[in-house]
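Single-letter residue listing:
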Amino acid sequence: MPRHTKLLVVFFCVPVAFANASPWRSEVYPINWTPQHTDAEGRFLHDFSYAGYESGQRPLPPADSPATVTLQATDDEGDDTARIQEALDRVGENGGGVVLLGPGTFRVAPPEGERAALHITRSGVVLRGAGPEATTIINTDPNMRQRDVIRVAPPNTPSRVWLRAAGEPVPLAVDAENRATRVRLAKSAGVEAGDWIVLLADATDDFIADHDMTGLWNPRMGAVAFYRRVARVSSDGLNIEIDIPPRYPLPTRDNARLQRTAPHLEQVGLESFSIGMVEHPGEGFAANDFREEGTAAHEVHGAHLITFYHTVNGWIRDIHTARLETNENDIHMVSNGFLLHMSRNITVTGCVVQKPQYKGAGGNGYGITFSGSDCLVTDTRVTHARHNFSFKSLWTSGNVVHRSRAEDAMLASDFHMHLSPANLFDAVTVNRDWLEARYRPWGTIVHGHPTTQSVFWNTIGEAAHPRAGVVVDSRQFGWGYVIGTQGEATGVRTRPVLVPGSGPHPARDTSPEDFVEGIGQGATLVPQSLYEDQLRRRLGPRDRSGR
């Protein structure tokens, strides 16, 4: 066959592919985009590039740095909790370093009265294994209700620490605007560049009414809060420039203020091991059995493999969950995987989290849960959880799930409760899972609108979940964004819904319809990753390792 005929055959076999192959950009992310870009309809995309360790300005510390203390596994089946904890404490007391666990199995369990099996309570401590295929940490106590296997948190830190003032709060003189880099105070707070502060505003009756949740939300849900570092202070102490812009307005009407809080941990890492939990041998795993004493569900309720609390610039790298050989069922953890709670700039990378035993109600069986700000999950796979990924609470913003996989879920990877504003799913692959942001009528304090101003960018669908039939379901409060889908499953649901009223509560409409572009055309979307492109714009050309 002549050469020119071959070319004609190829051309006419794929005219549709050629027609759809032209690169395209989102209308809300033009080539000259800046963080202040807003279109005529008031739509905008946040700058998500601050997510992750050191806001992307430095790579993670090397995984082969010298060990400070090395512990070897023993041949017996004795408990290793005390000797690992002693090493963590000693390294922390001496200013930080690496506790290296050699190849083999290490058995731990929470001591009597303790919240976790292993605690890291000082900055600069790294717990490292010899690799997820070589080193395994096993939690041997199945009765893990409200406890963690590994907990990274400052000692004696109160709950909801970002909402608790240390000293006198200082009111803002004017409203703090969404995406602003400066705030103005009513009087000097005495802060200096480098200080850590919380900017927050309460869930007042007016705030609740603005979100059409009167009678369903109440002040106990907390506050819109941003944990920030002071970049500059004016000479009179009244104008404060912060390191990361706030991602939602802070009105003086809602008691907008600046306050200090307890000190956080920083530069803490967990890396290069696998971790698993002995399964609970009991019975009683129905959805609401977590409320019933004596059931297995009650005894595993709220357990986590790993919790980071009030920690900044930390990481979880190359950690895989594992099934113990003694587990009769294919169980890796009794309830939840990783929790990033009131923590900031944590990077989770190269991890695999899967297969909880209890996937009932009440916050059980989740893979990775965000309850902090500006954290990054990248190159990570979560599977077979109740919710593979989940976002919770008013102070949860700026987080990014990037180039990761969500597979074989019971329910959606979701925005779960109480308006978590401005988060990003970026180039995420879903396989029998879906990404969801829609009104939720459940909860002790009704979850209600779970997010606003969040973005689903270039979602890759391998197979739709049978319960959803779509890869993205986005009906956010105000504007939400679904930009680009690709793969075998590309469907999106954005049509606003009328939430029925009940009793004295009126019906609520989720209009306007979220912004949608490029369904089925994500393969030619420019850029393929919003997070990577925004990071490049802010810091200049860098490779994906951060160098």
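Because the structure is a prediction, the values reported are computed rather than measured. (Residues numbered from 1 in each chain as written. Predicted model: local features only at pLDDT ≥ 70, side-chain atom pairs only at ≥ 80, totals over all residues. Heavy atoms only, no water.)

**Student:** So what about the environment of arginine 247? Which residues, and what values?
**Tutor:** Of note, arginine 247 is situated in the loop between strand E12 (239–242) and strand E13 (257–259). Separated by 22 residues in sequence, arginine 247 and alanine 225 place their C-alpha atoms 9.4 Å apart. Residue contacts for arginine 247: discarding those within four places in its chain leaves His46, Asp47, Tyr50, Asn178, Phe226, Arg228, Asp374, Ser397, Gly398, Pro421, Ala422 and Gln453. A distance of 3.0 Å separates a polar atom in the side chain of arginine 247 from the backbone oxygen of aspartate 47. Side-chain polar atoms of arginine 247 contact the side chain of aspartate 374, separated by 3.0 Å. (Helix = DSSP H or I, 4+ residues; strand = E, 2+ residues; numbered from the N terminus. Contact = heavy atoms within 4.5 Å. Polar contact = N/O pair within 3.5 Å; in protein donor to acceptor, adjacent residues only side chain to side chain.)

**Student:** Would you mind going over the environment of valine 174 in detail, with residue names and values included?
**Tutor:** Assignment of secondary structure puts valine 174 in the loop between strand E8 (170–171) and strand E9 (182–184). When the C-alpha positions of valine 174 and alanine 186 are compared, they lie 8.0 Å apart, and in sequence the two are twelve residues distant. Look past the residues within four positions of valine 174 in its chain and what remains in contact with it is Arg184 and Thr252.

**Student:** Account for the pattern of salt bridges, naming residues and giving values.
**Tutor:** Enumeration over the complete set of coordinates arrives at 30 salt bridges. Residue glutamate 54 pairs with arginine 58 through a salt bridge whose shortest N-O separation is 3.1 Å. For arginine 58, a relative accessible area of 46% gives the class partly exposed. Close ionic contact of glutamate 86 with arginine 90 constitutes a salt bridge, the shortest N to O distance being 2.9 Å. (Salt bridge = Lys/Arg side-chain N within 4 Å of Asp/Glu carboxyl O. Buried < 20%, exposed > 50% of the residue type's maximum accessible area, 1.4 Å probe, protein only.)

**Student:** How would you explain the packing of aromatic side chains if you had to name every residue and give the values?
**Tutor:** What the rule picks out here adds up to 14 aromatic pairs. Geometrically, the ring pair formed by tyrosine 29 and tryptophan 33 is tilted, given 5.1 Å between the ring centres and 45° between the ring planes. Judged on exposure class, the residue tyrosine 29 and its partner tryptophan 33 are both buried. Between the aromatic rings of phenylalanine 391 and phenylalanine 425, the centroid separation amounts to 5.5 Å while the plane-to-plane angle is 70°, which identifies the pairing as edge-to-face. Here the residue phenylalanine 391 occupies a position in strand E23 (residues 387–392), and phenylalanine 425 occupies one in strand E28 (residues 424–426), the gap between them amounting to 34 residues. Classification of phenylalanine 425 as buried rests on a relative accessible area of 0%. (Phe/Tyr/Trp six-rings, centres within 6.5 Å; stacked < 30°, edge-to-face > 60°.)

**Student:** Can you break down empty space enclosed by the protein residue by residue, with the values?
**Tutor:** Under the defined criterion, the tally for this structure stands at one cavity of 30 Å³ or more. Here the largest cavity defines a volume of roughly 40 Å³. Contributing to the lining of the largest cavity are Leu88, Asp89, Gly92, His119, Ile120, Thr121, Arg122 and Val125. Mapped onto the lining of the largest cavity, the elements with two or more residues apiece are helix H3 (81–93) and strand E4 (116–120). (1 Å grid on protein atoms, 1.4 Å probe; cavity = no way out; pocket = protein on both sides within 12 Å on 5 of 7 lines; lining within 4 Å. Points joined across faces, edges and corners; volume = space filled by probe spheres on them.)

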